[in-house]
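Each chain is listed here by its residues.
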Amino acid sequence: MKKFKGSLLLILALVLALGGCGNQAQGGADNGGSEAKSVKLKISTNVPPGHIWTQTVNKFKEDVEKQTDGRITVEVFPSSQLGGTNDVVQMLNSGSVDYAVIPTAFLTSSYPDLNAWFMPFLFEDMEDAMKMRGTDESKELLKVFAKDQNFKGVDWLFTGNHSILMKNGKMDSPEDFKGKKIRAPGTQAITDLYNALGASAVSMPLTEVYSALKTGVVDGINASVNSIASQKYHEIANDFTLLNQTAFNAVVLQSNSTNKKLSDSDLELINNAMKSAVDWGNDEAITELEENMKKVKKTDLNIHKVEDIKPFLSVKDEIYQKYSEQSDIIKAFIEKAQD
């Protein structure tokens, strides 16, 4: 009997010892003691591989995969391969896409506060607009998505400010706009600007713009130096007026579902990598703009610089007042940009 009890005690001791080892191993996993898991991230952009915004997410991909020795991989889908804006927004909500870079203008109908970026004549140039990136006022704009979506705004990417490219004629006074048809993004603030100037804002897909300008469906287009260089609009237009009427940027969005598949340390790593990539992308955008301006100047395009925007100020003030009354966020954004 004593022998039996002794054996039983020995068995119990072994069970307890093994259980303790198991708990210790489990505790090691919680503390990162076990091997970290592999993760795949997906990113969508609506622009081609050569565009600075897609180059930026490729920079993010390169940095993340290098820092994790390929344990975290990043798959980039440029050129709207995953669908249009609405499709990608749904994917962010479901978590089937982790990040997306979407032009801010494409989201203003759902999030009217984003019209803040398109207040006319608020920024002298792209670098001036970039100064708003890290402000509390622009961070408030990033929060508008969190109210009713399963994704959040992370940061802002920029490209050249928009001016006016016309098939014929410079546009250095409000009178020059009267009766003209101008292709522009479907952004209410930009539409309001052209309506106030007596022009008609025409919305159409980017793929149709070249033909529309060539055949006279529109008289001119909202255009940046970069878009003229990349889309070769100088082949079918004669006059480019550097009015710098609005900024143009994109918002980097992240699915909240992404957080759930990453450890705290991995999440910190990718957040830092994204910020570094966006820093790089915005610096590169400045260089790209300078290089493209040199290219555009070598074409036969007549380039006009508006020396005095005072004739446009009454229209500007009218739009500022309208949107400031509609949104405290836009009002604060305008005031900060004007400091």
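Within any chain, residue numbers begin from 1 and follow the written order of that chain's sequence. Side-chain atom pairs in this predicted model are given and counted only at pLDDT of 80 or more, local residue features only at pLDDT of at least 70, and totals for whole chains, interfaces and linings cover all residues. Neither water nor hydrogens contribute to the side-chain values; these are computed over all heavy atoms in the structure.

> Help me understand the layout of surface pockets, please; the structure alone is not making it clear to me.
Summary: where empty space remains is shown by rolling a probe the size of a single water molecule over the atoms. In this analysis the probe radius is 1.4 Å and the grid spacing 1 Å, with only protein atoms considered; a cavity is a set of points the probe fits into but cannot get out of, a pocket is an open set with protein on both sides within 12 Å along at least five of seven lines, and lining residues have an atom within 4 Å of a point. Grid points are joined across faces, edges and corners, and a volume is the space filled by probe spheres set on the points. Taken as a whole, the largest pocket encloses approximately 990 Å³ of empty space. Around the largest pocket sit 36 residues that line it, and Asn46, Val47, His51, Leu206 and Phe248 are the ones nearest its centre. Top contributing element to the lining of the largest pocket by residue count: helix α8 (residues 225-231), with 4 residues. Across the lining of the largest pocket, the residue classes tally to 17 nonpolar, 17 polar and 2 charged. We count a stretch as a helix when DSSP gives it H or I for four or more residues in a row; a strand needs E for two or more, and each element gets its number in order from the N terminus. Side-chain classes are defined by residue name, with Ala, Val, Leu, Ile, Met, Phe, Trp, Tyr, Cys and Pro counting as nonpolar, Asp, Glu, Lys and Arg as charged, and the others, Gly among them, as polar.

> Looking at this structure, how should I read the packing of helix α2 (residues 52-67) against helix α10 (residues 264-297)?
The description of two helices packed together rests on the angle between their axes and the distance between the axes. For every element, the axis is a line fit to its C-alpha atoms; helices are fit only across the contacting stretch, and the angle between N-to-C directions ranges from 0 to 180 degrees. Viewed as axis vectors pointing N to C, α2 and α10 meet at an angle of 145°, and their least axial separation amounts to 8 Å. Where α2 crosses over α10, the two elements pack in a sense that is right-handed. The residues of α10 that touch α2, namely those facing Ile52, Gln55, Thr56, Lys59, Phe60, Val64 and Gln67, are Leu269, Ile270, Ala273, Met274, Ala277, Val278, Trp280, Gly281, Glu284, Ala285 and Glu288. In this scheme the handedness of a crossing depends on how the near helix is turned from the far one: anticlockwise by less than a right angle means left-handed, clockwise means right-handed. We call two residues contacting when some pair of their heavy atoms lies within 4.5 Å.

> Is there a simple way to think about the side chain of aspartate 239 in this case?
Examined against the element boundaries, aspartate 239 turns out to sit in strand β8 (residues 239-255). Only protein chains enter the accessibility calculation, which uses a 1.4 Å probe. A residue is then buried if its area is under 20% of the maximum for its type, exposed if over 50%, and partly exposed in between. Charge assignment: positive for Lys and Arg, negative for Asp and Glu; neither His nor the chain ends contribute. Criterion for a salt bridge: a side-chain nitrogen of Lys or Arg within 4 Å of a carboxyl oxygen of Asp or Glu. Despite its burial, aspartate 239 remains without a salt bridge, the nearest opposite charge being carried by lysine 170 at 8.2 Å. Pairs of N or O atoms within 3.5 Å make up the polar contacts considered here, provided that, within protein, one atom can donate a hydrogen while the other can accept it, and that residues adjacent in sequence are counted only when both atoms are side-chain atoms. For aspartate 239, the side chain forms a polar contact with the main-chain nitrogen of glycine 169, separated by 2.7 Å. A polar contact is formed between the side chain of aspartate 239 and the side chain of histidine 304, at a distance of 2.8 Å. Beyond its immediate stretch of four places on either side in the chain, aspartate 239 contacts Ile164, Leu165, Met166, Lys167, Asn168, Gly169, Lys170, Leu301, Asn302 and His304.

> Quick question: what am I supposed to make of the pattern of salt bridges here?
As a working rule, side chains carrying opposite charge can pair if their charged atoms are close by. Throughout the structure, instances matching the rule amount to 10 salt bridges. Among the salt bridges present, the one from lysine 59 reaches aspartate 63, with a minimum N-O distance of 3.8 Å. Taken together, the residues span about one helical turn, with lysine 59 and aspartate 63 both in helix α2 at a distance of 4 residues. Overall, lysine 59 belongs to the partly exposed group, its relative accessible area being 24%.

> Mind showing me how you'd approach the nonpolar core here?
A general feature of soluble globular proteins is that nonpolar side chains tend to end up buried together. Definition used in this section: a nonpolar core is a set of buried Ala, Val, Leu, Ile, Met, Phe, Trp, Tyr and Cys residues joined via side-chain atoms within 4.5 Å. Ranked by size, the top nonpolar core spans 82 residues in total, and within it Phe60 and Ile270 carry the most contacts. No other element matches the 9 residues that α10 contributes to this core. Discounting residues that sit within four places of it in the chain, isoleucine 270 has contacts with Leu41, Phe60, Val64, Ile72, Tyr99, Gln254, Thr258 and Leu262. Counting residues in hydrophobic clusters, the runner-up holds 18 residues, among them Ile221, Ala223, Ile228 and Leu242.

> What should I look at first to understand the packing of aromatic side chains in this one?
Given two aromatic rings, one states the distance between the centres and the angle between the planes to describe the pair. Aromatic contacts are taken between Phe, Tyr and Trp rings whose centres are within 6.5 Å, Trp giving its six-membered ring; a plane angle under 30 degrees counts as stacked, one over 60 as edge-to-face, and the others as tilted. Tallied over the entire structure, the rule returns 13 aromatic pairs. Arranged with centres 5.9 Å apart and planes meeting at 40°, the rings of phenylalanine 145 and phenylalanine 151 form a pair that is tilted. Classification of phenylalanine 151 by relative accessible area gives buried; the value is 1%. Taken together, the aromatic side chains of Trp117, Phe123, Trp156, Phe158 and Phe333 make up a single cluster linked through ring pairs.

> Mind showing me how you'd approach the confidence of the model for the protein chain here?
Should the pLDDT be low somewhere, the predicted coordinates at that spot are not to be read in detail. Confidence scores here are pLDDT values: one per residue, from the predictor, ranging 0 to 100. Chain-level pLDDT for the protein chain is 91 on average; 90% of the residues reach the 70-or-more range. Across residues 1-33 the pLDDT falls below 50, and counting only partners more than four positions away or on other chains, this stretch makes 3 contacts in the model.

> Is there a simple way to explain the packing of helix α6 (residues 188-196) against helix α11 (residues 313-326) in this structure?
It is the contact of α6 with α11, at a shortest axis distance of 10 Å, that shows an interaxial angle of 140°. Regarding α6 and α11, the two cross each other, and that crossing is right-handed. Residues Gln188, Ala189, Asp192, Leu193 and Ala196 of α6 form the contact with α11, whose participating residues are Val315, Glu318, Ile319, Lys322 and Tyr323. In terms of residue class, the contact of α6 with α11 is built from 6 nonpolar, 1 polar and 3 charged.

> Sorry if this is basic, but what is going on with helix α3 (residues 85-94) here?
Along an α-helix, residues three or four positions apart point the same way, because every turn accommodates 3.6 residues. Among the residues making up α3, those that are buried are Val88, Val89 and Leu92. One side of α3 carries all its buried residues, which in axial view fall inside an arc of 105°. Turned more than 90 degrees away from the buried face of α3, the exposed residues are Asn86, Gln90 and Ser94. Looking at the buried side of α3, the elements it contacts are β1 (39-45), β3 (99-103), β4 (151-166) and β8. At the exit of α3 stands glycine 95, carrying a positive phi of roughly 90°. As used here, the arc is the angular range of directions from the helix axis to the C-beta atoms.

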